[in-house]
Amino acid sequence: MKVFRLCMAATALASLLVGGVASADPADKLEHIRPMLVAPPNVMQHEQATTAKPKVVEFTMTIEEKQVVIDAENGTTMQAMTFNGSMPGPTMVVHEGDYVQLTLINPDTNALEHNIDFHAATGALGGAGLTKVKPGEQVVLRFKADRTGAFIYHCAPEGMVPWHVVSGMSGTLMVLPREGLTDGHGKKLHYDKAYTIGEFDLYIPKDENGNYKSYDTALESYGDTVEAMRKLVPTHVVFNGKVGALTGEGAMTAKVGESVLFIHGSANRDTRPHLIGGHGDYVWETGKFINEPERNLETWFVRGGSAGVALYTFKQPGVYAYVNHNLIEAFELGAAGHVKVEGKWNDDLMKQVKAPAPIKK
Ligand SMILES: [Cu+2]
């Protein structure tokens, strides 16, 4: 009944909007482009500083409900809901003043209604009120990206918001200043590559013997999952959909001298990113580029419901761990990944003066 009411409201709101602004729309005169979204942890190709005029940037995302293995070691599964089949959904990048125009597709192979709430957008519950799609439907939303920063987007169907979010339906939109990133004192900051990390607190129900339960459909998992959610104790905390997603073959990579932008989204729960053996050279932990970045951070803090951004130039080779520095959440529950860095070791920054050896008597 609740669901039905919001649908009615959204339809009324949508027709009002179309009726009111049909021909006098400034966005209609702008150039439209259709960049390609890529799967996380990679980020779509984009310019940093740009001299281009504002554009309408068109994206398409398809919702996919599916069972995923969230811990390969013991085969634990979750009935996930995703944007484009990945956790997190792909990171979209635009510039301040651009319009984001999203086509959201909910194929009839899905069972549930979905929508999308962009934290970067203004009005109609972030767009959620205008994007409710049943299986077999699609919808197109446009909004002006008039604030810079990294912002969460997530599904938010009335009555079921937290379930859809903790089941995987979130991602990040990054709105870059047209002049690119700066240190807040006129110094331009450039990155050579960007990675996007979505942290997910998962609540997998257990049976009476303490084993994780598996379900055939998302709806079947609903009651038990909500019960687990209400305890506020996640059973797993993972980066990009599963334990170890960003390790081994999935590890992030860099070279000494390269500057990497780490975009860290967490739609539901606080986290505290840390790069073991490195730092945050410039960090917007609240993720909004109009604010001056903090420097030299050991650990930063990403509020549940936001995305933070850190820039780091690697100075030493080796395998780094990028973790949530509640180390129980990192190493017991899964919130850890790797960055493999190639290059030449710098003895001035660190040197093993004497290798481990028996204590001298
Ligand atoms: Cu949803």
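Everything that follows concerns the structure shown earlier in this document.
Below: a short report on this structure. For clarity, every value in this text was computed on a predicted model and none was experimentally measured. Going along each chain's sequence as written, the residues are numbered from 1 onward. Where local features are concerned, this predicted model is filtered to residues with pLDDT of at least 70; where side-chain atom pairs are given and counted, the filter is 80 or more; whole-chain, interface and lining totals use all residues. Heavy atoms from the whole structure form the basis of all side-chain values; hydrogens and water molecules are not counted.

Observations regarding the overall build of the protein
- Looking only at helices and strands, the protein has 4 helices and 21 strands in total.
- In terms of principal-axis extent, the alpha carbons of the protein reach across some 85 × 60 × 30 Å.
- Any residue under 20% of the maximum accessible area for its type is buried, any over 50% is exposed, and the rest in between are partly exposed; the area is computed with a 1.4 Å probe on protein chains only. The burial tally for the protein puts 52% of its 361 residues in the buried class.
- The contact rule is simple, with two residues in contact once any of their heavy atoms fall within 4.5 Å. For the protein, long-range pairs separated by at least 24 residues make up 75% of all intrachain contacts whose partners lie at least 6 apart in sequence.
- Methods summary: accessible areas were calculated by the Shrake-Rupley approach with a probe of 1.4 Å, and residue burial reflects only the protein chains presented. As presented, the protein carries roughly 17,600 Å² of accessible surface, and 54% of it is formed by carbon and sulfur atoms. Numbering of helices and strands starts at the N terminus; helices are DSSP runs of H or I of at least 4 residues and strands are runs of E of at least 2.

A word on a nonpolar patch on the surface
- Where nonpolar side chains cluster on the molecular surface, the patch consists of I276, L327 and F331 and spans about 270 Å² of accessible area.
- With respect to the secondary-structure elements, F331 resides in helix α4 (residues 327-331).
- Using a relative accessible area of 52% as the deciding quantity, one classes F331 as exposed. Patches here are clusters of residues that have more than 30% relative accessible area and form no salt bridge, with a 9 Å joining cutoff for like charges and a 5 Å cutoff for nonpolar side chains (Val, Leu, Ile, Met, Phe, Trp, Tyr). What makes a salt bridge here is a side-chain nitrogen of Lys or Arg within 4 Å of a carboxyl oxygen of Asp or Glu, nothing more.

Quick look at the packing of aromatic side chains
- Note on aromatic pairs: the rings of Phe, Tyr and Trp (six-membered ring only in Trp) are paired at centre separations within 6.5 Å, and the planes decide the class, stacked below 30 degrees, edge-to-face beyond 60, tilted for the rest. Summed over all chains, the structure comprises 10 aromatic pairs.
- Judged by centre distance (5.1 Å) and plane angle (85°), the ring pair of W284 and F289 falls under edge-to-face. Each member of the pair, W284 as well as F289, is classed as buried.
- Here the aromatic rings of F314 and Y320 are separated by 4.9 Å at their centres, their planes lie at 85°, and the arrangement is edge-to-face. When sorted by exposure, F314 lands in the same class as Y320, which is buried.
- In textbook terms, an aromatic cluster arises when at least three aromatic residues are bridged by ring pairs, as seen for F239, F262, Y312, F314, Y320 and Y322.
- The ring of F151 carries K288 above its face, with NZ or CZ at 4.7 Å from the centroid. Only when the NZ of Lys or the CZ of Arg is both within 6 Å of the ring centre and within 35 degrees of the ring normal is a charge said to sit over the ring.

Section: the side chain of H274
- Structurally, the position occupied by H274 is in strand β16 (residues 273-276).
- Counted as a polar contact is a pair of N or O atoms within 3.5 Å, where, for protein atoms, one must be capable of donating a hydrogen and the other of accepting one, and residues adjacent in sequence contribute only when both atoms are in side chains. At 2.7 Å, the side chain of H274 and the backbone oxygen of E298 are in polar contact.
- Engagement of the side chain of H274 in a polar contact is seen with the side chain of T299, the distance being 3.0 Å.
- Non-local contacts of H274, meaning those with residues more than four positions away in its chain, are made with E298, T299, W300, A321, Y322, V323 and H325.

Examining the coordination of the copper ion
- Metal coordination here is assigned from N, O and S atoms located within 2.8 Å of the ion, or within 3.2 Å for Na, K and Ca; omission of water means that sites may look incomplete. In the first shell of the copper ion, the protein supplies H114 (ND1), C155 (SG), H164 (ND1) and M169 (SD), at 2.0 to 2.5 Å from the metal.
- Under the classification used here, a metal with four donors is tetrahedral if each angle lies between 85 and 135 degrees, square planar if opposite donors are over 155 degrees apart and the others between 65 and 115, a six-donor metal meeting that same test is octahedral, and anything else is irregular. What the 4 donor atoms of the copper ion show is an angle range of 87 to 129° at the metal, which sorts the shape as tetrahedral.
- Each donor residue of the copper ion belongs to the same chain, and together they define the spacing H-x40-C-x8-H-x4-M.

Remarks on the sheet that holds strand β20 (residues 318-324)
- Only when DSSP finds a minimum of two bridges between them are two strands counted as paired. Spatially, 4 strands are ordered β14-β21-β20-β16 in an open sheet, and the strand pairing comes out mixed. In this open sheet, the two strands that pair with only one neighbour each are β14 (252-255) and β16. Looking at each pair of strands side by side, their axes are set apart by 25° on average, direction ignored.
- Where β16 lies against β20, 4 bridges are found, and the strand directions are antiparallel. By the bridge assignment, I276 is partnered in β20 with A321. Axis geometry follows a simple rule: fit a line to the C-alpha atoms, using only the stretch in contact for helices, then measure angles between N-to-C directions, giving values from 0 to 180 degrees.

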